[in-house]
Every structure is written in C-alpha cells, then in structure tokens.
Amino acid sequence: MITRRNFLTTSGLLAGAGMLGGLTFGSRRGQAADGYPRRVVIFLEGNGIRPACMFDPQTRETLEGHAGKAIESNRDYGHDDPVLIPAPPLSEARALGSLAAGDGTISLVERSALVLGLSATYLGGGHSTDFGALSASNSSGGPASASIETVLSQIAEVRGNTPFDAVRVGVGAATSPLNYSSCAFAKGKPAPILLTPRASFASLFGSVASGQAGEEFQSRKQLLEFAIDDVGRELKDLSGSSRGRVKLETYEASLLAMLARNDQILGMKDALLAVKPTGPGELDPDPYASTDPLDQLRLQVDVVQAALLSGLTNVAVVSIGSGSYYWSMEFPSLADFYPGGQVIAGHDLRHGESAENYETLHELTSRGVAEMARVARALEAKPEAGGTMLDNTLLLYMSDNGEMHHSNAEEWPMLLIGGNNMGFKTDGRSVTYPKAGHENNRQTSNVFNSMLHGAGLPTDDFGHGNPATRIAEGPLAELWG
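Each value, and the rule that gives it
Residues numbered from 1 in each chain as written. Predicted model: local features only at pLDDT ≥ 70, side-chain atom pairs only at ≥ 80, totals over all residues. Heavy atoms only, no water. Helix = DSSP H or I, 4+ residues; strand = E, 2+ residues; numbered from the N terminus. Rg over C-alpha atoms; globule rule 2.2 N^0.38 Å. Contact = heavy atoms within 4.5 Å. Areas by Shrake-Rupley, 256 points an atom, 1.4 Å probe, with all protein chains shown as cover. Lys, Arg positive; Asp, Glu negative; His and termini not counted. Charge placed at Lys NZ, Arg CZ, Asp CG, Glu CD. Axes fitted to C-alpha atoms, helices over the stretch in contact; angles between N-to-C directions. Parallel < 35°, antiparallel > 145°, perpendicular 65-115°, else oblique. Left-handed = near helix turned anticlockwise from the far one by under 90°. Nonpolar A, V, L, I, M, F, W, Y, C, P; charged D, E, K, R; others polar. pLDDT = per-residue confidence, 0-100. Buried < 20%, exposed > 50% of the residue type's maximum accessible area, 1.4 Å probe, protein only. 1 Å grid on protein atoms, 1.4 Å probe; cavity = no way out; pocket = protein on both sides within 12 Å on 5 of 7 lines; lining within 4 Å. Points joined across faces, edges and corners; volume = space filled by probe spheres on them. Pairing = 2+ DSSP bridges. Salt bridge = Lys/Arg side-chain N within 4 Å of Asp/Glu carboxyl O. Core = buried A, V, L, I, M, F, W, Y, C linked by side-chain atoms within 4.5 Å.

K.L.:
For this particular structure, what's the right way to read the overall build of the protein chain?
P.N.:
If you tally the helices and strands in the protein chain, you get 13 helices and 12 strands. Against the compact-globule benchmark of 23 Å for 481 residues, the protein chain has a radius of gyration of 22 Å, which places it among compact chains. Dimensions along the principal axes, computed over C-alpha positions, put the protein chain at roughly 80 × 50 × 45 Å. Of the contacts made within the protein chain by residues no fewer than 6 positions apart, 74% connect residues no fewer than 24 positions apart. For the protein chain, the exposed area adds up to about 18700 Å²; of that, 51% sits on carbon and sulfur atoms. Positive and negative side-chain charges in the protein chain, numbering 38 and 54 respectively, have mean positions lying 8 Å apart.

Written out as structure tokens, the structure reads:
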C-alpha cells in the first residue's frame, strides 16, 4: 500500500533512479530528420548463448569449408575476412525457428541478420560481464559508463515525445524485485531492471487499469501533489544554507517532472487502452500468479510490446537472467528438455558438459528469440511513416558474457531484426567475422556504434574506456550503411 509517509521517503529515490526511465522533459522532435521515428529493443540473455544453436546449415557449411574441418567453437574459424552469406536459411538454426512463417504469422527471415565472430575479451567473460555487456566497457568495479540503451534514449530522434526514455524489465533468479547489475544511467549509477510483471504493468498501464494497479496510479498522483506542496512550504520557510535550498529545489523539480509525466500519460488514454495487455487478476487462472520464469517473461514482453505500440517509450531492454547470478534459474516449463526430464538448478545445468544440457540451453535461447520475434511481428503489423513500425525499430538479441557458462568473451552471437529505415542491412544475411585475436576481428562495441549511427548520433568510439582494447572504430559496413 502506498501511503503519504512512505511515498515522501522514497519519491526522491524514485525520481533519481527513474525506475523505468528518466524524467527529462522539454521540446523534442518526434521524428528524425528523414521523417521516420527510431526505436531500439534489446533482449539480453544471461550467461552465454552457444553459437551452435545460432548456426543455420548453410552458414555452418560455408564456415567449415573455410576452416577445412568441423567447427566446434569460434576458435576453429579459419577465414581472414568477414564471411557474408546473402540468404541462408536462418530459420533452420536450432534457436531461430521462430523466424519462419507459421499459421497466421509472417516470415521474419528476410528481415533479420545473424552476426557471428564478434568478441569483447577485454570485458573478462566469466559468468557475466554485468554492466560491461551493454556499455562495452570493463565494469569489474561497477558501471564504467552509461549503457547503450541510456545513450540511445537521450538522442532526440529516438526519444521523441515519449513519457519514458527507456523501459527496462526482465526475469531473474532473485528475491529482489530489481536487478541492478546490467544497465547504467552513467558511471557509478546503475539503472534498475524491473523483475516483477505486476510492477511493470502497474508502472506503465496503471492509468488505464482497474483494480489495485489503477488505484495505485491514482494514489501516486495525489501523493505527488501532496509532496510538491510540502516541498513548497519547506522552501518558503527555509532560512538555512544555500546548499539545502538547492537540494530541495532539485527535489521539487524531480517531483514536478514526475507529475508532468503522469499528466502526459493520462493524455494518452485512448492509445493505451487500444493496446493494454492483460492485467493482474483479469484472467482465471491469473498468469501473474505463475512463478515460471518463461511465463513471467511473456508477461514482461507483453508490457514492452504495448509500451512501444502506444508510444510510451522508444527504447527497451528485456533481461533474461542477465548479470551476476540472475541467470541461475530453473525452468519448469522446459522439463521435457532437461536431462531425464528432471529440472535441475540453473548453475548445475550450465556446468553440465553434455549434449542433453546443451539442448535445454538451446531451447531457452529459442524461447527468448521467439519472444523477440513476437514483438517484431506486432511492429510489422502496424503501418507507420516509411513502411511499418518494424522498419523504424531495430531489435537485437545478445548475451551478457559471450558464448558459454565460463566464457572468455571471444564470441558473441547476435540476431538483429528490422531497422531498415535506420540503415540496417537486415535482409536475411549472415555475417561471420574472423576469430578473436585476428586483426580483422570486430567487437560488440562496433554493433553499438552501428546502432548509434542508425539512431542519429554518428559516434565511432562508444565503449572500451581504454582505447588500446579497441580493434577498429565505428559501425560495421556489413550490417549498417
């Protein structure tokens, strides 16, 4: 229950942390100079994506032809230049089946790009690179810089007039409702990922919800107004130091920004009602009561999809156990894929060096990619300037540490969908860069620089911190431009 007392003691924290996004307001352009909006959605899977589940048959055969042997890992890559395959059967890869057309669903094969061979060894690998995965900077001591979604969300062509600069939600093995180990607002300032579907729904769609979510939205609005009155009285009576006044004025500005965002959301009622996902308690049985991470993931993706369609945000991160030990989940709905049908602890599953264990992990990646594909199809179904919302949205699926449980961060397989109007060459291709250590190897930071170019901020040096760890600056010509 939200009370005036606990709201006043926490609202400053909420305003500072932003929870789902920052509170920057002001005059913004709603579209890029070319007339198209720009959006980015990142799916971040924790503790590695094994490249084997991303290899389609033609890509594997081509790479093995270059190597002259079977490829067991990226260390077996034998090429000296990027290998670009124009139209491989991507949906035949173990984890990419959801790209294929199905009953009533369009094919996304021709809207995708598979990327292999990228490295980020300077991040350390291990179980997770934590903030390093999305900042492309070593973060062993905490966030070294803002993560990519934060930087993207501050670009005028991306932010537009959306109430939330970025939405960060996901699932994870933790009792805490927040994950503070993958995203960052700035150096030393983690950005929270909401791990509770109920909280995500209430935060984004409480204004048009019934029941507790709707009541909490109204309560927050009233308490914001009370808080602003309280701060105003304090400022009026304040006779102390200028430092105290500045602190109170900053607090007041945050509260006013929060209230302005609430008012903006209230003005979006029709758009929100048109796409509002199912809320807690609206179905029997209630899907929000499920403790299975994949059920929770679907609910979180429902919220993200609706937030994009309604214009609440243009930037989102969906975490699937990213950071620290959030990846150590059990998946009861994947019981048929576990060795012997016995669900085991997440860490034990990843430690097991057997084909059966790998099959479970490959299925997990497949389910994650399927959720991203579901969002892509919803965006493709909505016309927009320049084509559809998918033409103006880049979706990226990646891991937070590279290629496996105890990773060396030598291979970061990625899948991109959409973003054609942003300059991305997601036309059904696969691109594989030479292995880590080769002078023509490329890094995850190059993908992020490609994203920044496509989003309207032509930056070539995002990430690293130490220039000595950068192999090449700028975007990837095989994927953007």
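Moving on, there is more to tell.
K.L.:
What exactly am I supposed to notice about the packing of helix α6 (residues 197-205) against helix α10 (residues 293-310) here?
P.N.:
Each pair of packed helices can be summarised by the angle the axes make with each other and by the distance between the axes. Between α6 and α10, the least distance of the axes is 9 Å, while the angle of their chain directions is 15°. As judged from the angle between their axes, α6 and α10 are roughly parallel. Considering how the two elements wind past one another, α6 and α10 form a crossing that is left-handed. Two secondary-structure elements touch here, α6 through Pro 197, Ser 200, Phe 201, Leu 204 and Phe 205 and α10 through Gln 296, Leu 299, Gln 300, Val 303, Ala 306, Ala 307 and Ser 310. Considering only residue class, the contact of α6 with α10 consists of 8 nonpolar, 4 polar and no charged.

K.L.:
What is the right way to read the side chain of Asn 357 from this model?
P.N.:
Relative to the elements of secondary structure, Asn 357 occurs in helix α12 (residues 355-380). When near neighbours in sequence (up to four residues on either side) are disregarded, Asn 357 contacts Pro 339, Ile 344, Asp 348, Leu 349 and Gly 352.

K.L.:
What's the story with the confidence of the model for the protein chain in this structure? I'm lost.
P.N.:
The predicted coordinates of low-pLDDT regions are not to be read in fine detail. Counting all residues, the mean pLDDT for the protein chain is 90, and 93% of those residues have values of 70 or more. Confidence drops under pLDDT 50 across residues 1-18; counting only partners more than four residues distant or on other chains, this segment forms 32 contacts. The low-confidence segment residues 23-30, where pLDDT is below 50, has 19 contacts with residues more than four positions distant or belonging to other chains.

K.L.:
Where do I start with the side chain of Glu 371 in this structure?
P.N.:
If you trace the backbone, Glu 371 turns up in helix α12. Once you skip the residues sitting within four places of it in the chain, Glu 371 turns out to touch Phe 43, Leu 297, Arg 298 and Val 301.

K.L.:
Hey, could you run me through the environment of His 464 in this one?
P.N.:
Mapped onto the elements, His 464 comes out in the segment after α13 (444-455). Sequence spacing of His 464 and Leu 273 is 191 residues, and the spatial spacing of their C-alpha atoms is 43 Å. Once residues within four sequence positions are removed from consideration, His 464 is found in contact with Tyr 122, Ala 136, Ser 137, Asn 138, Gln 443, Ser 445, Thr 469 and Arg 470.

K.L.:
Would you mind showing me how to read unusual backbone geometry here?
P.N.:
Glycine aside, a negative phi is what most residues show, and trans is what most peptide bonds show. Of note, the bond from Asp 284 into Pro 285 is cis; its omega dihedral lies within 30 degrees of zero at 0°. Along the chain, Pro 285 turns up in the loop between α9 (269-275) and α10. Although it is not a glycine, Asp 130 adopts a positive phi angle of roughly 50°. If you trace the backbone, Asp 130 turns up in the loop between β3 (112-116) and α3 (132-135). For Ala 136, which is not glycine, the phi torsion reads 55° and is therefore positive. Residue Ala 136 is classed as buried on the basis of its relative accessible area, which comes to 0%.

K.L.:
Would you explain empty space enclosed by the protein in this entry?
P.N.:
If you roll a probe as big as a water molecule over the atoms, it shows you where there is empty space left. For the structure shown, the criterion picks out 1 cavity of 30 Å³ or more. Along the walls of the largest cavity sit 14 residues, with Asn 47, Gly 48, Ile 49, Arg 50 and Leu 361 positioned nearest its centre. Ranked by residue count, the leading element in the lining of the largest cavity is α12, at 3 residues. A per-class count over the lining of the largest cavity returns 4 nonpolar, 6 polar and 4 charged.

K.L.:
When you look at the pairing of strand β11 (residues 414-418) in this model, what are you seeing that I'm missing?
P.N.:
Consecutive side chains of a regular strand alternate in pointing toward one face of the sheet and then the other. Within β11, 5 of the 5 residues are buried, which leaves it mostly tucked inside the rest of the structure. Where β3 and β11 come together, 4 bridges link them in antiparallel fashion. Each bridged residue has a counterpart across the sheet, and for Ser 112 the counterpart in β11 is Ile 417. Pairing analysis gives 4 bridges linking strand β10 (residues 393-399) to β11, with the strands arranged antiparallel. Looking across to β11, one finds that Tyr 397 is bridged to Leu 415.

K.L.:
Explain the pattern of salt bridges here, please?
P.N.:
Close approach of charged atoms lets side chains of opposite charge pair. One pass over the structure, following the stated rule, counts 17 salt bridges. In the salt-bridge network here, residues are joined through shared partners; they are Arg 94, Glu 359, Glu 363 and Arg 367.

K.L.:
What should I look at first to understand the packing of helix α7 (residues 211-237) against helix α8 (residues 242-266) in this one?
P.N.:
Between α7 and α8, whose axes approach to 10 Å, the crossing angle comes to 150°. Put simply, α7 runs roughly antiparallel to α8. Helix-helix and strand crossings are classified by hand; for α7 and α8 the assignment is left-handed. Across the contact of α7 with α8, the residue classes break down as 14 nonpolar, 2 polar and 7 charged.

K.L.:
What's the story with the nonpolar core in this structure? I'm lost.
P.N.:
When a protein is soluble and globular, its nonpolar side chains tend to lie buried together. If you look at the biggest cluster of nonpolar residues, it comprises 72 residues, and the most contacted ones within it are Phe 43, Leu 96, Phe 205, Leu 312, Leu 395, Tyr 397 and Ile 417. Per element, the largest residue contribution to this core is 10 residues, and it comes from α10. Judged by nonpolar contacts, the second largest core, of 46 residues, contains Ala 133, Ala 191, Met 422 and Phe 448.

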